[in-house]
Amino acid sequence: MMNKKQCVAMLLAGGQGSRLGILTSDMAKPAIPYGGKYRIIDFPLSNCTNSGIDVVGVLTQYQPQVLNAYIGSGSPWDLDLAHGGVYVLPPYVKGKSGEWYSGTANAIYQNLQFIEQFNTDYVLILSGDHIYKMDYNRMLQFHIQNNADCTIAVREVPWDEASRFGIMNTAEDNSISEFEEKPAKPKSNKASMGVYIFTWEKLRQYLMADAQDPSSANDFGKNIIPAMLGDSQRMFAYDFEGYWKDVGTIESLWEANMDLLSLPMPIDLYDKKWRIYGRNPGMAPHFIAEGGSAKNSLITEGCEVYGRVDHSVLFAGVVVKEGASVIDSVLMPGAVVERGAQVRRAIIAEEAVIGAGSVIGGETGNIAVVGQNVVLPAGSVVKPGEQCSGK
Amino acid sequence: MKDVMGIIYTGEKDSFLRELTLLRAIAALPVAGRYRVIDFLVSDMVNSGIRNVGVIMQKNYHSLMDHLGSGKEWDLHGKNDGLYILPPFLTRENVGVYTGSLDALHSNMSYLRRSRQEYVLFCNSLIVYNANFNAIMDVYAQGDCDAVMMYTKDPGMQRPEYGSYLDVDKDGMIRDVEIDPTKPRYENTSMDAILISKSLLMELVDRGVAHGYHDLMRDVIQRMIRDAGLKVKGYEYKDLCYRMDSVQGYFNFNLDTLNIDVRHHLFPEDRPVYTKVRDELPARYLDDAKVVNSMVADGCIIDGTLEHSVLFRGVHIAKGATVKNCIIMQDSHVEEGAYLENCILDKQARVKRDGRLIGPKAYPIVISKNMVI
């Protein structure tokens, strides 16, 4: 047995994120680049390490290669430890058969042995879908003080949007009396963030029972939480305040990137006490050439700007050639915009090349997307809202 | 190159670098926006397949140790081999301060002895280049020599009273070495990198120290080449290299990285230069940013005018400030309305509102670390 760990984090990273369209055709959603130098998974991983949680199991299933390579030994997050660290946990063969993770709860159930080896008291369940900074340790202390069986992180959403979320109805002491998934008439505006802390012994019981129920969808939101509420277990809502953004759609991913360009930045990524870590590609600082310009933008290492960049986010190694203009856009690692091309309100995925004189997106309308490794010939047009996979 | 270990000697004289080396070794000088001088050499070694790198420290080595750490950024933190930091130490036969490279090697004989590699690439730290050292090994492998030294014909590398200059014959054999001549007589400037078998190096060190010598190049190799006691071949390096041996040299090197060809030579995609990572946000340009011909590192916030300059990580240029032809190191601030031209701002310096500093191009103003102007 390993030395004892008070809390083990399990990060659900197996979802496809199909609402992100062609951006997730070759990689899992948590591997999607965000904010000029991060990937979405950097946020929960950095939150863990900054919260003092040093065992993180990452449950992968859909298109895991990019994610696996990115996580590697976990060293960028200081999670390359001899006793603990980050573990990638794909589904595996057991005995003569094997099975995929059939739901979020099933993914944890299939890794009971992994969790048990740490002799842990609590398990933190996370997802790889959100941009936020959160001290999980404070939530854990709240859980312990309440002698809770389950604590669910919630944030207040505008009342008129509450019917789009899983809503927690709570008593004055923040104990949860009722959980309603997308209620037509919400009684509360406390929306679940998909961040849970369970007392491990209790969760273990419910996972075992859930696995025996053939009608169950093996899902935390649909099965485990309602079952625990039904049994009147001690369940509490933990209020989270601060920036929290779901990046599950093309529009919201674009918006979350644009959020970083507003003043003041709604999420403080300069905070030295709560750094967001990521794998560094090791490139020289970026270069703005004679004739190039940059305004209201985030630009990182390895970029070369010969054209105009305004209100955009440029990831590592992006090249914007002479006469090209990039406005209100997100250019992922290694993207190249050739001479005279115009990119506006668009997401250009990794290593894509926009041919000379092309017009991508437009001043209004939905976000245009050019997929990973797509090479667009000169003079191409990708209309607003269009997704170009090159196939 | 698995059979080669690298040793970097960082004890060169640094008085020409004025304030820049008051608190650090030349090897630890910040360059090109996010690197330290030594990053190039260590990365060159690693990219050439060298897995065992020893760094001999002399004075002011705190910032160097802090920077190199466990060697993780260079993948030099393995179980076998890896990065060895070799600071001076006191023993019965060791005074703790090295008079020259021979003393330094002698103090580290046990490191040499227990390393598994058969060859040593011994380098000084003040020359910056991005080289593949396999080429120097190829020259050695052709045989008929005891060692190979790297040199360049770049006239920009010649300095009066500083450096080693080599007489290389048509067969590539080095016939003479001149050290610190007032006027270099040979067009071949030594790049202070020598490949030699470990056993021979250890013998030379032992013999040299036994004769009361202190410097490997001046006291041992130079004499032996002249006496034909050592056959040393030259390997001509034809790509870019820079000497960090004066403020002007330092200044020009940094500004040269703004030339796109120089940039692509020094930072080729297949031979990256590794450095300690700071996990900063990308640089942020605000509404009044006017930037041309500049290199800007992550963590910077720019709302002013920037021309032909290099900004290191975390530099702030406020609205209405102008920065021309400057090197501005990590976490320095240029406040509103300030005007800087031909300046080097060391780390965490601050130029207050409306401050003006204009240096001559040939003698840039150096503002020391933590200074407030």
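Quick caveat: nothing in here was measured; it's all calculated off a predicted structure.

**Re the environment of A:A153**
All names here are of chain A. You can see A153 is positioned in strand β10 (residues 150-156). For A153, a relative accessible area of 0% gives the class buried. Taking the C-alpha atoms as reference points, A153 and K94, 59 residues apart in sequence, are found 34 Å from one another. Not counting residues within four places of it along the chain, the set of residues in contact with A153 comprises M134, M139, A191, S192, M193, V195 and Y238.

**Topic: the confidence of the model for chain B**
Of all residues in chain B, 98% attain a pLDDT of 70 or more, and the chain-wide mean is 92. Note on the complex model: pTM 0.91, ipTM 0.90.

**Topic: the interface of chain A and chain B**
With 43 residues of chain A at the contact, the number on the chain B side is 34 residues. Buried area between chain A and chain B, summed over both chains or domains, comes out near 3,200 Å², and the portion from carbon and sulfur atoms is 49%. Looking at the side of chain A facing chain B, the largest losses of area belong to A:Y270, A:P285 and A:F287, adding up to 20% of the total buried there. Summed over the shared surface of chain A and chain B, the number is four salt bridges. Where A:E301 meets B:R34, a salt bridge forms, and the shortest distance between an N and an O atom there is 3.3 Å. The interface formed by chain A and chain B includes 27 residue pairs in polar contact (both at pLDDT 80 or more). Those elements giving two or more residues to the side of chain A that touches chain B turn out to be β16 (286-288), β17 (293-295) and β18 (297-299) of chain A. Bridge count between β18(A) and strand β14 (residues 283-285) of chain B: three bridges; the pairing is antiparallel. Considered in β14(B), the bridge of A:I299 is made with B:A283.

**Some remarks on the pattern of salt bridges**
Within the structure shown, the criterion is met by 37 salt bridges over all chains. Between A:E304 and B:R263 there is a salt bridge, with the nearest N and O atoms lying 3.3 Å from each other. Here A:E304 is found in strand β19 (residues 304-305), whereas its partner B:R263 is found in helix α9 (residues 260-266) on a different chain. Using a relative accessible area of 10% as the deciding quantity, one classes A:E304 as buried. For B:R263, a relative accessible area of 4% puts it in the buried group. Between B:R207 and B:E203 there is a salt bridge, and its shortest N-O distance comes to 2.8 Å.

**Thoughts on the nonpolar core**
Residues and elements named next belong to chain B. Membership of the largest hydrophobic core comes to 78 residues, with the highest contact counts inside it found for Y129, M150 and Y250. At seven residues, the largest contribution of residues to this core is made by helix α1 (residues 37-47). When we break this core down by domain, the ones giving at least three residues each are domain 1 (4-266) and domain 2 (284-367).

What counts, and where the lines are drawn
- Residues numbered from 1 in each chain as written.
- Chains lettered and ligands numbered in written order.
- Predicted model: local features only at pLDDT ≥ 70, side-chain atom pairs only at ≥ 80, totals over all residues.
- Heavy atoms only, no water.
- Helix = DSSP H or I, 4+ residues; strand = E, 2+ residues; numbered from the N terminus.
- Buried < 20%, exposed > 50% of the residue type's maximum accessible area, 1.4 Å probe, protein only.
- Contact = heavy atoms within 4.5 Å.
- pLDDT = per-residue confidence, 0-100.
- Buried area = accessible area lost by both parts, 1.4 Å probe.
- Salt bridge = Lys/Arg side-chain N within 4 Å of Asp/Glu carboxyl O.
- Polar contact = N/O pair within 3.5 Å; in protein donor to acceptor, adjacent residues only side chain to side chain.
- Pairing = 2+ DSSP bridges.
- Core = buried A, V, L, I, M, F, W, Y, C linked by side-chain atoms within 4.5 Å.
- Domains from an automatic or database assignment.

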